Amino acid sequence: MGLEKTLVLLKPCTVNRGLIGEIIGIFEKKGLRIAGMKMMQLDDAILEEHYAHLVGRPFFPGLKRSMMATPVVALALEGVDAIEVVRQMAGPTNGRKALPGTIRGDYSVSGQQNIVHASDGPETAKAELARFFKPEEILEYSLCTMGSLYASDEY
């Protein structure tokens, strides 16, 4: 246990559908702290770095076009076990396979237009946060609700 930070990208399909506030609200209602947030237009360089493991795949050009269709919203979220919590909240990558009650299960019917990207582990989260945020863009502050979100020995 312990506080950790993770990256979430609200994808262009989220922006196009006018769901930015709604999806951010889901994370806030859960009790995750927004440590950083910005809207940005992704370019070839950042997408080829972010999806380096997919660059050679036949679907990569379509993925890249999709991720450049509109700006994305990058979030640095913090909470106890935030990486796992966010992954559970997001649900499986393919929205058709995601259960109702998850973000993808409630808002997606696609494997690619699936609302959010979420870091999949501690090392990935660290690298992805550094890719999308400068150190000074991730802010440290305390939520006054911490005592209502967690027991004192959890954080």
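Preceding this section is the structure that the text describes.
Quick summary incoming for the structure in this document. Since the structure is predicted, the reported quantities are computational estimates derived from the model, not experimental observations. (Residues numbered from 1 in each chain as written. Predicted model: local features only at pLDDT ≥ 70, side-chain atom pairs only at ≥ 80, totals over all residues. Heavy atoms only, no water.)

**What to know about the nonpolar core**
If you look at the biggest cluster of nonpolar residues, it comprises 21 residues, and the most contacted ones within it are Ile23 and Phe27. It is helix H5 (residues 82-90) that provides the largest number of residues to this core, a total of four residues. Excluding anything up to four places from it in sequence, Phe27 contacts Val8, Leu32, Leu75, Leu77, Val86, Met89 and Ile103. Listed in part, the 18 residues of the second largest apolar core include Leu7, Leu9, Ala35 and Phe60. (Core = buried A, V, L, I, M, F, W, Y, C linked by side-chain atoms within 4.5 Å. Buried < 20%, exposed > 50% of the residue type's maximum accessible area, 1.4 Å probe, protein only. Helix = DSSP H or I, 4+ residues; strand = E, 2+ residues; numbered from the N terminus. Contact = heavy atoms within 4.5 Å.)

**Some words on the packing of helix H2 (residues 20-30) against H5**
Their axes nearest at 12 Å, the elements H2 and H5 cross at an angle of 130°. Overall, the two elements H2 and H5 adopt an arrangement that is oblique. Between H2 and H5 lies a crossing whose hand is right-handed. Residues Ile26, Phe27 and Lys30 of H2 lie in contact with H5, whose contacting residues are Val85, Val86 and Met89. Of the residues assigned to the contact of H2 with H5, the class counts are five nonpolar, no polar and one charged. (Axes fitted to C-alpha atoms, helices over the stretch in contact; angles between N-to-C directions. Parallel < 35°, antiparallel > 145°, perpendicular 65-115°, else oblique. Left-handed = near helix turned anticlockwise from the far one by under 90°. Nonpolar A, V, L, I, M, F, W, Y, C, P; charged D, E, K, R; others polar.)

**Some words on the layout of surface pockets**
Taken as a whole, the largest pocket encloses approximately 360 Å³ of empty space. If you trace the largest pocket, you find 20 residues lining it, with Tyr51, His53, Arg87, Thr93 and His117 closest to the centre. Per element, the largest residue contribution to the lining of the largest pocket is three residues, and it comes from strand E4 (residues 116-118). Of the residues that constitute the lining of the largest pocket, the class distribution is six nonpolar, nine polar and five charged. (1 Å grid on protein atoms, 1.4 Å probe; cavity = no way out; pocket = protein on both sides within 12 Å on 5 of 7 lines; lining within 4 Å. Points joined across faces, edges and corners; volume = space filled by probe spheres on them.)

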